[in-house]
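# Chains, contacts and geometry: an overview
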Amino acid sequence: MAKKKRILVACGTGMATSTAVAESLREALEDQGINVEMSQCKISEIDSYVDSFEPHAIVSTADVDGDYEVPVFSGRAFLTGVGEEEVVEDIAKTIG
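Here goes a summary of the coordinates provided. (Residues numbered from 1 in each chain as written. Predicted model: local features only at pLDDT ≥ 70, side-chain atom pairs only at ≥ 80, totals over all residues. Heavy atoms only, no water.)

Our focus in this paragraph is the sheet that holds strand S4 (residues 72-74). Overall, parallel pairing links the 4 strands, which are arranged S2-S1-S3-S4 in an open sheet. Looking at the sheet topology across the chains shown, the edges are occupied by strand S2 (36-42) and S4. Along the sheet, successive strands turn relative to each other by an average axial angle of 25°, direction set aside. Here strand S3 (residues 57-60) runs beside S4; their pairing, made up of 3 bridges, is parallel. Looking across to S4, one finds that Val-59 is bridged to Phe-73. The sheet contacts of helix H1 (residues 16-31) involve strand S1 (5-11), S2 and S3, and relative to S2 the element is tilted by about 165°. Against the sheet, helix H2 (residues 46-53) contacts S1, S2 and S3, and its axis sits at roughly 150° relative to S2. (Pairing = 2+ DSSP bridges. Helix = DSSP H or I, 4+ residues; strand = E, 2+ residues; numbered from the N terminus. Axes fitted to C-alpha atoms, helices over the stretch in contact; angles between N-to-C directions. Contact = heavy atoms within 4.5 Å.)

Next comes the structure, spelled out in structure tokens:
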């Protein structure tokens, strides 16, 4: 089996919203054969999670300030349902 790809999902509180986004994204990527490990955090905690979790990508439900060595994707589509497939495709192409 392919090595797991790590994705950090961030939202304002690090709880309900990031959980919903993480589950939707995990299912969508696993449907494409991409094995993923998710971690969730508050937006204010991204820096410390990037250092310890070492994600391949960050998905955030709000704007993220900071320069990270991994791509950052907007997770808003997972909340609205608008453009969700396109975001999944972009993430899959990037980390796949």
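Read on for the rest.
To continue, consider the pairing of S2. As a general feature of sheets, a regular strand has side chains that alternate between the two faces. Relative to S2, S1 is paired through 7 bridges, and the arrangement is parallel. Along S2, the bridge assignment pairs Val-9 with Gln-40. Taking the sense of rotation as the criterion, the β-α-β connection linking S1, H1 and S2 turns out right-handed. (Right-handed = clockwise from strand over helix to strand, strands pointing away.)

In this section: the nonpolar core. If you look at the biggest cluster of nonpolar residues, it comprises 20 residues, and the most contacted ones within it are Ile-7, Leu-25, Leu-29, Val-59, Ile-91 and Ile-95. Elements represented by at least two residues in this core include exactly S1, H1, S2, S3, helix H3 (76-80) and helix H4 (84-95). Residues within four places of Val-59 in sequence aside, it is in contact with Ile-7, Leu-8, Val-9, Ala-10, Val-21, Leu-25, Phe-73, Ser-74, Gly-75 and Ile-91. Counting 9 residues, the second-largest nonpolar core is a separate cluster that includes Ala-10, Ile-58, Tyr-68 and Val-70. (Core = buried A, V, L, I, M, F, W, Y, C linked by side-chain atoms within 4.5 Å. Buried < 20%, exposed > 50% of the residue type's maximum accessible area, 1.4 Å probe, protein only.)

Before going further, it helps to examine the environment of Ile-46. Here Ile-46 shows up in helix H2. With a relative accessible area of 0%, Ile-46 lands in the buried category. Expressed as a C-alpha distance, the spacing of Ile-46 and Ala-10, which sit 36 residues apart in the sequence, is 7.1 Å. Excluding its chain neighbours within four sequence positions, the residues that come into contact with Ile-46 are Leu-8, Ala-10, Cys-41, Ile-58, Val-64 and Tyr-68.

Let's shift gears to the packing of H1 against H4. Where H1 contacts H4, the axes come no closer than 10 Å and their chain directions differ by 65°. Note that H1 runs across H4; the crossing there is right-handed. Every residue of H4 that contacts H1 at Ser-24, Leu-25, Ala-28 and Leu-29 is listed here: Glu-84, Val-88, Ile-91, Ala-92 and Ile-95. Here the contact of H1 with H4 is built from residues that sort into 7 nonpolar, 1 polar and 1 charged. (Left-handed = near helix turned anticlockwise from the far one by under 90°. Nonpolar A, V, L, I, M, F, W, Y, C, P; charged D, E, K, R; others polar.)

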